[in-house]
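Given next are the chains, with one letter for each unit.
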Amino acid sequence: MDIFKREETQIKFLAVEKLAIAYNLLTTIFIIIFYNRLNNPQPMLMGRFLILAGTFCLIYLYTRFPSKATRYLRVFVQFALLNFWYPETFEFNRLFPNLDHLFASVEFNIFGCQPSILFEQMYNGMIWRELFNFGYWMYYPMIAIVITYYFFARPNESERCSFIILASFFIYYTVFMFLPVAGPQFYFPVIGEENVAAGVYPQIGSWFDYFPGITILQEEKGGFFTQLVCWAQISGERATAAFPSSHVGVSTILMILAWKMKKRYFVPLFVVYTLLCCATVYIKAHYLIDVIAGVVTGLMVYWITAYIYKIFLKKF
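So, how was this worked out
- As a convention, each chain's residues are numbered from 1 in the sequence order in which they are written.
- Reporting of local features is limited, given that this is a predicted model, to residues whose pLDDT is at least 70; pairs of side-chain atoms are given and counted only at 80 or more, and all residues count toward the totals for whole chains, interfaces and linings.
- Values shown for side chains rest on all heavy atoms present in the structure; no hydrogens or waters enter the calculation.
- Only residues whose relative accessible area exceeds 30% and that take part in no salt bridge are eligible for patches, with like-charged residues grouped when within 9 Å of each other and nonpolar side chains (Val, Leu, Ile, Met, Phe, Trp, Tyr) grouped when within 5 Å.
- Computed with a 1.4 Å probe, the accessible areas rest on the Shrake-Rupley method; for each residue, only the protein chains presented here act as cover.
- The working definition used for a salt bridge is a side-chain nitrogen of Lys or Arg within 4 Å of a carboxyl oxygen of Asp or Glu.
- A run of H or I in DSSP becomes a helix once it reaches four residues, and a run of E becomes a strand once it reaches two; helices and strands are each numbered from the N terminus.
- Expected helix span is given by 1.5 Å per residue-to-residue step, counting one fewer step than there are residues.
- Relative accessible area decides the class of each residue, using a 1.4 Å probe on protein chains only: under 20% of the type maximum gives buried, over 50% gives exposed, and in between gives partly exposed.
- Residue contacts are counted whenever heavy atoms from the two residues lie within 4.5 Å of one another.

Draft legend 1. Quick peek at a nonpolar patch on the surface. A contiguous nonpolar patch, built from Val106, Ile110, Phe111, Ile292, Val296, Met300, Trp303, Ile304, Tyr307, Ile308 and Phe312 and spanning about 1,000 Å² of accessible area, is present on the exposed surface. Contributions of two or more residues to the nonpolar patch are made by helix H5 (100-111) and helix H16 (288-311). Tallying contributions element by element places H16 first for the nonpolar patch, with seven residues. Turning to its location among the elements, Met300 is positioned in helix H16.

Draft legend 2. View of H16. Its 24 residues place the ends of H16 35 Å apart at the C-alpha level, agreeing with the 34 Å of an ideal helix rising 1.5 Å per residue. Of all the residues in H16, the buried ones are Ile289, Asp290, Val291, Ala293, Gly294, Thr297, Gly298, Val301, Tyr302, Thr305, Ala306 and Tyr309. Looking at the packing, one finds that the buried side of H16 touches helix H1 (15-33), H5, helix H9 (155-178), helix H14 (246-258) and helix H15 (263-282).

Draft legend 3. Highlighting the pattern of salt bridges. All chains considered together, the criterion is met by seven salt bridges. One salt bridge in this structure joins Glu17 and Arg74, with 2.6 Å as the shortest N-O distance. You can see Glu17 sitting in helix H1 and its partner Arg74 sitting in helix H3 (residues 68-80), a full 57 residues away along the chain. Taking the relative accessible area as the measure of exposure, Glu17 reaches 0% and is therefore buried. Of the charged contacts in the structure, one is a salt bridge between Arg48 and Glu88, with a shortest N-O distance of 2.5 Å. One end of the pair, Arg48, is in helix H2 (residues 41-64); the other, Glu88, is in helix H4 (residues 82-93), with 40 residues separating them in the sequence. Members of the salt-bridge network, linked through shared partners, are Glu91, Arg94 and Asp209.

Spatial relationships are all this shows, so hold off on functional conclusions.
Have a look at this one:
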């Protein structure tokens, strides 16, 4: 098969590998700065060493067996490691006082209600619940679809595409480390239904540092996709990353990249994108202002990451 056909190659880093090493170094500096305040700094440092070692092992594997398959594997692994990088944002932002009271107050002052509560009440049927949860669950499959399309259908643009997407994640993750906003699914259970209904949003300070466990407001019942999202949240979600919504921001970037794909691919992806944007509020993962900020910052981050790739990456 063509995917396993031997390629002419030389030892060099892919763009996503350079980016991942830079992020590894940056967050290592953060660990050193906050070493005495972090709960488990030593495992965090060890994880970075293992990731770096694994990256070099994959490069060596590619030099021994150079093909599209092993090159794709190198890209895939860097994206798979987002499951390592994302939860760590909580380990940093739990050190700072929670800011949900400010964001919930702004939400109420703008809309006169909490849209995440109202939205779920208005569309509480099984079909709506499944549709929105399907959109939310499709986040990572959408990323895989866009990257895979570029890798095989537009190979000359593939490295730029994967760099933009991964760089976008790292930009959002860096923001999340120092902007401790957990979102309605965490904050509302802490302050209680009475306060939410009355429009009272008290400060909770370092509550999530002492009680980091997740509280899922979405019922663990319903259809297939509802169950999948609940399982994913319970197993991997943290009280972090609410503002701006990286789900919406990265998905907006995916839509920009998908626009260059064939229309028969873009249209269904855009439908899923719309469901995903709605779902982030519907399942109470985000305030509506998080979604709006996600769209705006997504456009900005796309321009920034594309500029970085064009200007700076070629020099290193």
